[in-house]
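What follows is the residue order along each chain.
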Amino acid sequence: MKFWIEEYGIDGYRCDVAWGVPVDFWDEEFARLREIREDLFFLAEAEDPALVIDAFDAYYGWETHHAMNKLAKGEMDVAGFTALLKDHAERFPTDAIQLNFITNHDENSWNGTEFERMGGAVKQMAALSFVLPGMPMLYTGQEVGLSKRLEFFIKDTVNWEDPENYSLFYRNLIAMRDAHPAMYAPAAGAPIKILQTDSENVLAFRRSNNIDSFTAIFNFSSEPVTVQIEGLSYNLEGYGYKIVF
């Protein structure tokens with residue numbers, strides 16, 4: 001790792017199966033590497049609070065991802081999802097960055113594409129991954145709406161045709177996030193505040209800091225809904241969402 005940093009300017013590493021290595025190894029080795037370069041970024045393919053105390057900057061949000069799959073299938077309600085968000089906020093350090101995703105190499109190959117797992121809620125869940133606290137991830141082919149499982153152990157190819165213009169959809173999400181500091185990852189970003197609604201299928205939350213604020217509203221039902229939030233009325237389509245600035 002030191003060789004690649006010193007000789008080629010590598011500025012970060014993703015560490016596979018980080019949970020399978022003792023935490024004190026990561027703590028000690030990353031401290032040594034940061035003596036060479038302070039701004040190194042380390043991503044753990046794991047979800048363990050101990051890993052992001054001293055060693056890693058970011059971790060895979062597996063629990064949130066699985067909850068998104070359940071929300072899309074109607075197997076989890078808003079109350080269950082907000083309880084998960086609260087639990088994470090209590091268990092993980094405030095400056096730890098959760099990697100939010102709707103697909104990755106494991107999910108795509110073994111559990112199916114986002115279209116298989118999330119159906120009509122794909123774009124909604126993608127938008128959610130951009131506005132929740134943390135950092136969004138795009139997996140190979142996601143930016144063009146890849147709808148096949150890639151072979152895991154052999155070379156496979158991506159069809160880069162984009163008939164439904166998913167690239168524009170993701171460019172717009174990226175531009176939105178870039179323009180609004182409240183969406184940034186900790187510690188620059190803002191904490192999440194859950195808002196009360198009159199619908200068990202609607203999640204609403206606000207993220208605010210001293211320079212920016214937004215309200216996000218997500219309808220996890222396949223049916224349209226009109227919802228009241230803080231005295232205001234919002235109409236959302238099935239699997240619809242609104243980001244209000």
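These remarks concern the structure in this document. The residue numbering used here restarts from 1 in each chain and proceeds along that chain's sequence as written. Totals for whole chains, interfaces and linings use every residue, but because this is a predicted model, local features are given only for residues with pLDDT of at least 70 and side-chain atom pairs only at 80 or more, for both listing and counting. Excluded from the side-chain calculation are hydrogens and water; included are all heavy atoms of the structure.

Along its length, the protein chain carries eight helices and 11 strands. We compute the radius of gyration from the C-alpha atoms alone; for a globule the expected value is 2.2 Å times N to the 0.38, where N is the number of residues. Against the compact-globule benchmark of 18 Å for 245 residues, the protein chain has a radius of gyration of 19 Å, which places it among compact chains. Along the first, second and third principal axes, the C-alpha set of the protein chain runs to 55 × 45 × 30 Å. Any residue under 20% of the maximum accessible area for its type is buried, any over 50% is exposed, and the rest in between are partly exposed; the area is computed with a 1.4 Å probe on protein chains only. Within the protein chain, the proportion of its 245 residues that are buried is 47%. Only heavy atoms matter for contacts: two residues are in contact if any of them lie within 4.5 Å across the pair. A separation of at least 24 residues holds for 61% of the contacts in the protein chain among residues at least 6 apart in sequence. For the area figures, the Shrake-Rupley method with a 1.4 Å probe applies, and any residue is considered shielded solely by the protein chains shown. Put simply, the protein chain shows about 12,600 Å² of open surface, and 51% of that area lies on carbon and sulfur atoms. As used throughout, the charge tally considers Lys and Arg to be positive and Asp and Glu to be negative, leaving His and the chain termini uncounted. To locate a charge, the coordinates of NZ of Lys, CZ of Arg, CG of Asp or CD of Glu are taken. When the 20 basic and 39 acidic side-chain charges of the protein chain are each reduced to a single mean position, those positions are 3 Å apart. Helix and strand assignments come from DSSP, with helices taken as H or I runs of at least 4 residues and strands as E runs of at least 2, each series counted from the N terminus.

It is worth spelling out unusual backbone geometry at this point. Negative phi is the rule for most residues except glycine; trans is the rule for most peptide bonds. Of note, the phi angle at Asn 165 is positive, near 60°, even though the residue is not glycine. Within the element layout of this structure, Asn 165 appears in the loop between β5 (135-136) and α8 (166-179). Of note in this structure, Tyr 239 is not a glycine but carries a positive phi near 55°. Along the chain, Tyr 239 falls in the loop between β10 (232-236) and β11 (241-244). Note on Tyr 239: relative accessible area 23%, which makes it partly exposed.

Here we take up the pattern of salt bridges. Side chains that differ in sign of charge can pair as their charged atoms come close. Salt bridge, as used here: a side-chain nitrogen of Lys or Arg that lies within 4 Å of a carboxyl oxygen of Asp or Glu. This structure, assessed with the given rule, holds 12 salt bridges. A salt bridge links Glu 107 to Arg 117, with the shortest nitrogen-to-oxygen separation between them at 4.0 Å. Here Glu 107, found in helix α5 (residues 105-111), pairs with Arg 117, found in helix α6 (residues 114-118); they are 10 residues apart in sequence, far enough to count as distant. By relative accessible area, which is 4% here, Glu 107 ends up buried.

Note: strands within a sheet are paired through backbone hydrogen bonds, in either parallel or antiparallel orientation. In spatial order, the strands read β6-β7-β8-β11; together these four strands make up an open sheet with antiparallel pairing. In the strand order of this sheet, the two ends are held by β6 (192-195) and β11, each with one partner. Averaged over all pairs of adjacent strands, the angle between strand axes in this sheet comes to 20°, irrespective of strand direction. Two strands are counted as paired when DSSP detects at least two bridges linking them. In terms of strand pairing, strand β7 (residues 202-208) meets strand β8 (residues 213-219) through seven bridges, oriented antiparallel. As a rule, the C-alpha atoms of each element are fitted with a line to give its axis, helices using only the stretch in contact, and angles between N-to-C directions run from 0 to 180 degrees.

A few words on helix α4 (residues 78-91). Working rule for helices: expected span equals 1.5 Å times residues minus one. Taking 1.5 Å per residue as the helical rise, α4 with its 14 residues ought to reach 20 Å, and the 20 Å between its terminal C-alpha atoms agrees with that figure. When we look at burial in α4, the residues that qualify are Val 78, Phe 81, Thr 82, Leu 84, Leu 85 and His 88. The buried residues of α4 occupy an angular sector of 150° when the element is viewed end-on, so they sit on one face. Opposite its buried face, α4 presents the exposed residues Lys 86 and Glu 90, each directed more than 90 degrees away. The directions considered for the arc are those from the helix axis to the C-beta atoms.

Moving on to the pairing of β8. Of all seven residues in β8, six are buried, a share of seventy percent or more. Counting the residues in the hairpin turn of β7 and β8 gives four residues. By the bridge criterion, four bridges tie β8 to β11 in an arrangement that is antiparallel. Along β11, the bridge assignment pairs Phe 218 with Tyr 241.

Taken together, five strands build an open sheet; the order of strands is β1-β2-β3-β4-β5 and the sheet is parallel. Looking along the sheet, the strands with just one partner apiece sit at the ends: β1 (12-15) and β5. Strand direction decides the pairing type here: β1 and strand β2 (residues 41-44), joined by four bridges, are parallel. Its bridge partner lying in β2, Tyr 13 is registered against Phe 42.

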